[in-house]
Amino acid sequence: MPERNVQLIIIDPQNDFCDQAGAALPVAGASADLQRIGALLAQQGAALSQIHITLDSHLPVDIAHPSWWCDAAGQLPAPFTVISQSDVERGVWRARDPAQQAHSLAYVKALSRNQRYQLMIWPEHCLIGSWGQAVQSDLLAALYAWQRQTLRPLHFIHKGSNPRSEHYSALQAEVPDVNDAVNPADTAWLAELAKADLILIAGQALSHCVASTVRDLASALGEAQLHKLLLLTDCTSPVAGFAEQGQAFITEMRARGMQTASHLALALDH
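The structure displayed is predicted, hence computed values, not measured ones.

How each quantity is defined
Residues numbered from 1 in each chain as written. Predicted model: local features only at pLDDT ≥ 70, side-chain atom pairs only at ≥ 80, totals over all residues. Heavy atoms only, no water. Pairing = 2+ DSSP bridges. Helix = DSSP H or I, 4+ residues; strand = E, 2+ residues; numbered from the N terminus. Axes fitted to C-alpha atoms, helices over the stretch in contact; angles between N-to-C directions. Expected span 1.5 Å × (residues − 1). Buried < 20%, exposed > 50% of the residue type's maximum accessible area, 1.4 Å probe, protein only. Arc of directions from axis to C-beta. Polar contact = N/O pair within 3.5 Å; in protein donor to acceptor, adjacent residues only side chain to side chain. Contact = heavy atoms within 4.5 Å. Phe/Tyr/Trp six-rings, centres within 6.5 Å; stacked < 30°, edge-to-face > 60°.

Undergrad: Describe the sheet that holds strand β10 (residues 259-261), with residues and values.
TA: Here we have 6 strands laid out as an open sheet, ordered β7-β2-β1-β8-β9-β10, and parallel in their pairing. Each edge of the open sheet is held by one strand with a lone partner, namely β7 (154-159) and β10. Averaged over all pairs of adjacent strands, the angle between strand axes in this sheet comes to 25°, irrespective of strand direction. Pairing geometry for strand β9 (residues 229-232) and β10, over 3 bridges, is parallel. Bridge assignment links leucine 232 to a residue of β10, and that residue is alanine 261.

The following block contains the structure:
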């Protein structure tokens, strides 16, 4: 085991987010980002104490997928439609399942109060059991090679299987569902992260799941521990059209104490 406790969180390194044929929600630069993570594992993986991999895990009918919603004519919203509280209150969009209408309205109201994201309708992506949900093959090979070399376990965290809430963050849903035992933060995982001397962060997408996970992790660890967080800036990319939000996240977290570096600038054995 390395003398220093260095842990790596790889957020949603899945086929559907890679800029490759067949991806449902490709992020420009994602495939190259994952190649760089794989190179880091090959070159300095022995210095890593633990690797945590989060996996977006959705069902086709999901509050952030088209098939949850319809307009007065029964038409589904197109991907990348934003649904606001006003839209639901005015009947522009309603839940296709009448039993979910009250929840859907309460949900967009809660998003408005949180002021983090409005409800975005995404293409169906990372469907449970599909090719799109799987870890990109080159990175998966690098992860398995790391485990065979170090004999250390890989820790996979699934998020997003509750269709009644978005789950950008690996620690909690955008609007926690009291009926879903998965939504509260995993206290055992947080306890392991709290032991780290350094926590490297990489993956997709910078503007959404990376930003939400890091912000929630920062809240859980406390401000005095934020110097332990290090974002690998050349191993993450924003969703198209959200580059400004991604940069704002980096600026905010740097001011709070998070470190940033490229994977080439790391020297984990020092």
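Undergrad: Please provide a residue-by-residue account of helix α7 (residues 243-256), values included.
TA: With 14 residues, α7 extends 20 Å from end C-alpha to end C-alpha; this agrees with the ideal 20 Å at 1.5 Å per step. Inspection of α7 places Gly246, Phe249, Ile250 and Met253 among the buried residues, and these make up the whole buried set. Projected down its long axis, α7 shows its buried positions confined to an angular sector of 95°, all on one face. Turned more than 90 degrees away from the buried face of α7 sit Glu244 and Ala255, all of them exposed. After α7 finishes, the residue glycine 257 shows a positive phi value of roughly 125°.

Undergrad: Please give an account of the side chain of threonine 150 that cites residues and values.
TA: Summarising the element assignment, threonine 150 is placed in helix α4 (residues 137-150). Given a relative accessible area of 14%, threonine 150 falls into the buried group. In terms of polar contacts, threonine 150 uses its side chain to reach the backbone amide nitrogen of arginine 152, at 3.2 Å. With residues up to four places along the chain from it excluded, the contact list for threonine 150 reads Gly45 and Ala46.

Undergrad: Break down the environment of alanine 28 for me, citing the residues and quoting the values.
TA: For alanine 28, the position within the fold is in the loop between β1 (6-11) and α1 (30-44). Exposure remark for alanine 28: the relative accessible area of 61% places this residue in the exposed category. Leave out the neighbours within four places in its chain, and alanine 28 touches Asp19 and Ser237.

Undergrad: Please set out the packing of aromatic side chains residue by residue, giving values where relevant.
TA: Enumeration according to the criterion identifies 2 aromatic pairs in this entry. The interplanar angle of 85° and the centroid separation of 5.9 Å between the aromatic rings of phenylalanine 80 and tryptophan 122 together place this pair among those described as edge-to-face. Pair noted here: phenylalanine 80 is in the loop between β3 (69-70) and β4 (82-83) and tryptophan 122 is in the loop between β6 (119-120) and α4, with a separation of 42 residues, a long-range link. On the basis of relative accessible area, phenylalanine 80 is assigned to the partly exposed category, the value being 46%. A residue is classified by how much of its surface remains accessible, and tryptophan 122, at 5% relative accessible area, is buried. The interplanar angle of 55° and the centroid separation of 4.7 Å between the aromatic rings of tyrosine 117 and tyrosine 168 together place this pair among those described as tilted. A residue pair is termed long-range when its members are at least 10 positions apart, and tyrosine 117 in the loop between α3 (101-114) and β6 and tyrosine 168 in the loop between β7 and α5 (187-194) qualify at 51 residues.

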